[in-house]
Amino acid sequence: MKHQIVLASLLLSENRRTSIGRLVDAVWGPTPPSTAEKQIRNAVSDLRTVIAPSGAAIIAVADGYRLDILPAKLDLHQFDQHVARARTHLGEQRPADAIVEFRAALSLWSGPMLSGIHSDALQAQVAGVNEVRLSVVEECIDLELARDRHTSLISELAAWVAEYPLRERMVAQYVLALYRSGSRARAFAVYEQARRRLVDQLGLSPGPELMEIHQLMLREDSDTPSDSASPHRGARLPAAQPAEPPRITPRPDGSQGTAARTDPVTEASTGRPPAAPVPDSLPPDIVHFVGRDAEVGTLLGEAGQPGPRRVLTVDGMAGVGKTALLLHVAHRIAGDYPDGRYFLDLRAHGPHPDPLDHREALRRLLTLSGMPERELPDTDEELAAAWRARTEGRRLLVVLDNATCAEQIRPLLPAGDAGLTLVSSRRRLTMTTWSATRVLSLDVLTPADSHELFCRVLGKRHARPEQHEAAPVLELCGHLPLAISAAAARLRRRPSWQLSHLAARLADPVCRLADLRTEQGGVADRFEDSYRRLNAGQQRLMRLLGAAPDHHTDVAKASVLAGLPVYVAEHMLEDLVDEHLLSHPEPGRYSMHPLVKTYCAQLRDPDEDGAERAAPAPPASDTARPASDTARPAADTARPAADTARPAADAARPMADAAPAGAAASGAAATGSGAACGARLLAA
């Protein structure tokens with residue numbers, strides 16, 4: 001702890017001298033030992049060795065020390081820069097860009113500054129910085145509430161209020177978000193809890209912001225007509241009206257003022273109908289989004305181009321970050337589409353057995369647009385006509401995630417030329433026959449961006465590793481964002497592990513996929529989902545390539561390996577490229593991502609013996625969970641061809657039929673060393 005306090009004191013001084021006396025006071029307070037100054041000098045000597053690789057240096061100055069470090073190395077400086085840019089955007093009336101910068105600033109934090117470091121002197125110094133962070137949170141949330149994102153903010157605000165229950169502005173934002181999202185009972189309950197807490201703990205009544213929200217809710221509830229036939233009875237309040245509490249917003253000249261409000265109840269009392277809520281089902285932006293500057297720039301540039309029925313499509317392998325990229329871009333441009341922002345998962349991949357068909361997708365979009373379920377048309381044609389009527393000429397942003405094919409998307413495009421559709425898919429989609437489409441294929445992250453993502457997810461529980469230190473783990477993850485996030489999350493959950501220990505585990509193929517798993521599933525689950533959608537011939541070729549010694553192949557090698565005619569082998573390889581299970585680095589050459597290869601190498605041929613995929617037994621000390629609870633049944637990994645084949649029209653291609661009956665099958669499951677990576681880790 002002594003070294004941490006000394007380093008924290010030097011960092012807080014921001015390239016200014018810190019006296020030895022001040023360092024002694026920070027470490028020991030009013031009762032330092034007689035050897036305090038000597039211990040400080042020894043600690044500084046140790047720290048010089050630790051921080052030398054970063055380019056920083058501790059310089060002896062008079063009776064103290066100064067930490068020389070570039071501002072770019074300090075995340076606090078990066079935070080200040082993002083906040084400054086956000087306030088510049090606000091002065092230019094660009095709230096959407098301001099939100100992006102505020103979120104980028106807040107993503108640098110994983111908790112209060114210097115949490116876990118016990119020093120009264122330091123805590124007094126960082127109190128102001130922590131207050132700035134909370135003020136930025138409130139300012140950002142105010143902007144997002146003004147853009148009708150009440151529902152998407154509820155979980156975040158619940159966490160903030162749980163941590164800071166006496167912070168009235170946050171409580172007011174939380175109550176408003178609940179109320180505007182239709183959770184009226186919860187909104188009143190949260191307000192009452194906050195009121196009692198203020199009275200019991202501080203002897204205070206709620207302040208003006210919280211009181212105004214409460215009065216607004218009471219007025220709107222009392223003004224609700226009692227006639228059960230009223231169309232507004234029980235309806236969600238018109239979220240499009242900025243009925244938030246007065247909020248302090250920066251002006252272009254740097255001063256602050258109170259933002260104007262309009263009261264929807266007052267407007268309704270004058271005879272004007274209340275404004276309909278603006279549809280906004282976009283999930284929150286990704287907190288740990290990193291890199292992708294070129295791709296973001298391309299999509300933003302294309303989004304700004306006029307044209308009929310504009311569609312921007314992003315495809316890529318499982319776990320490469322397609323949805324994260326689309327959501328990030330969608331939030332950047334959300335302000336350009338004031339008539340509505342829609343997000344719909346088309347379920348091409350995932351836990352659902354079938355993708356959404358046209359009928360169900362249109363029903364969901366129409367429901368999101370505000371059409372009551374009882375008014376939804378019956379036939380597909382009527383549903384499509386209703387969607388066209390509700391989107392014609394409107395400036396809408398539609399995000400269609402996880403699409404299976406171009407035909408699934410076509411009826412869902414908004415009518416007219418004012419809207420924009422963003423699409424993600426694991427398959428390469430071609431839609432140029434009926435829309436102006438830009439297709440962007442997403443690759444894995446660069447080493448630098450991989451390192452940044454790993455460190456952001458890792459947080460503060462471990463020291464931030466240098467890029468060369470994290471390189472073995474990142475390479476074993478194949479620079480795949482999902483795998484990197486899973487590896488960092490696993491290390492974060494294991495404070496006793498060293499980075500080298502994680503790298504050693506990932507180097508063992510038996511452990512690799514088991515360790516790259518989170519509570520939302522793992523890398524292997526995503527690959528399994530793609531694999532089971534292949535036909536039998538494609539599955540067989542994937543198993544053979546997984547067992548081959550090299551990550552790369554060509555048509556001739558694949559033809560010999562699978563015992564197929566050259567033209568059939570090439571056709572199958574190209575199909576796997578379209579599925580993003582293989583990459584195509586140059587004409588005639590094909591590559592398999594290392595994690596996909598690890599997965600395929602552990603697959604069994606379903607025609608061999610139907611046995612379960614082998615898995616090491618759990619360690620003797622882990623007797624609480626029997627192996628049968630975690631071992632994956634053969635039905636999950638050795639599906640018969642009839643279960644995994646595509647429709648007959650797709651399976652009719654000359655694939656498996658062209659293989660000789662005696663061709664060798666591959667993919668014996670890995671059963672080797674590493675008892676610590678037994679079946680129990682598959683559920684970890």
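Structure shown above.
Residues numbered from 1 in each chain as written. Predicted model: local features only at pLDDT ≥ 70, side-chain atom pairs only at ≥ 80, totals over all residues. Heavy atoms only, no water.

(A) Spotlight on the sheet that holds strand β2 (residues 57–61). Spatial strand order, β1-β3-β2: three strands in an open sheet with antiparallel pairing. Across the chains shown, the open sheet's two edge strands, defined by having one partner strand only, are β1 (18–19) and β2. Examined bridge by bridge, β1 and strand β3 (residues 64–68) share two bridges and lie antiparallel to one another. Looking at β3, one finds that T18 is bridged to Y65. Running at roughly 145° to β2, helix α3 (residues 36–51) makes contact with β2 and β3 of the sheet. (Pairing = 2+ DSSP bridges. Helix = DSSP H or I, 4+ residues; strand = E, 2+ residues; numbered from the N terminus. Contact = heavy atoms within 4.5 Å. Axes fitted to C-alpha atoms, helices over the stretch in contact; angles between N-to-C directions.)

(B) Representation of the pairing of β2 in the model. Direction of pairing for β2 relative to β3: antiparallel, over a ladder of five bridges. Bridge pairing in β3 places I59 opposite R66. In this antiparallel pair of consecutive strands, β2 and β3, the connection spans two residues, and A62 shows a positive phi of 50°.

(C) Representation of a nonpolar patch on the surface in the model. Side chains of L166, L202 and L204 sit close together on the surface and give an oily, nonpolar patch of about 250 Å² of accessible area. Tracing the chain through its elements places L204 in the loop between α9 (184–202) and α10 (208–222). Look at L204 and you get partly exposed, because its relative accessible area is 45%. (Patch = residues over 30% accessible without salt bridge, like charges linked within 9 Å, V, L, I, M, F, W, Y side chains within 5 Å. Areas by Shrake-Rupley, 256 points an atom, 1.4 Å probe, with all protein chains shown as cover. Salt bridge = Lys/Arg side-chain N within 4 Å of Asp/Glu carboxyl O. Buried < 20%, exposed > 50% of the residue type's maximum accessible area, 1.4 Å probe, protein only.)

(D) Representation of the side chain of N402. With respect to the helices and strands, the residue N402 is situated in strand β8 (residues 397–403). A distance of 3.2 Å separates the side chain of N402 from the side chain of D345, its partner in a polar contact. Leaving out residues up to four positions away in the same chain, N402 has contacts with D345, L346, R347, A348, H349 and S424. (Polar contact = N/O pair within 3.5 Å; in protein donor to acceptor, adjacent residues only side chain to side chain.)

(E) Focus on helix α2 (residues 20–28). For α2, the set of buried residues is I20, L23, V24, A26 and V27. Taken around the axis of α2, the buried residues stretch over an arc of 165°, which confines them to a single face. G29 lies just past α2 and shows a positive phi near 75°. (Arc of directions from axis to C-beta.)

(F) Region of interest: the environment of P465. Tracing the backbone through its elements, the reader meets P465 in the loop between α17 (447–458) and α18 (467–476). Residue contacts for P465: discarding those within four places in its chain leaves H451, F454, C455, L458, A470 and L499.

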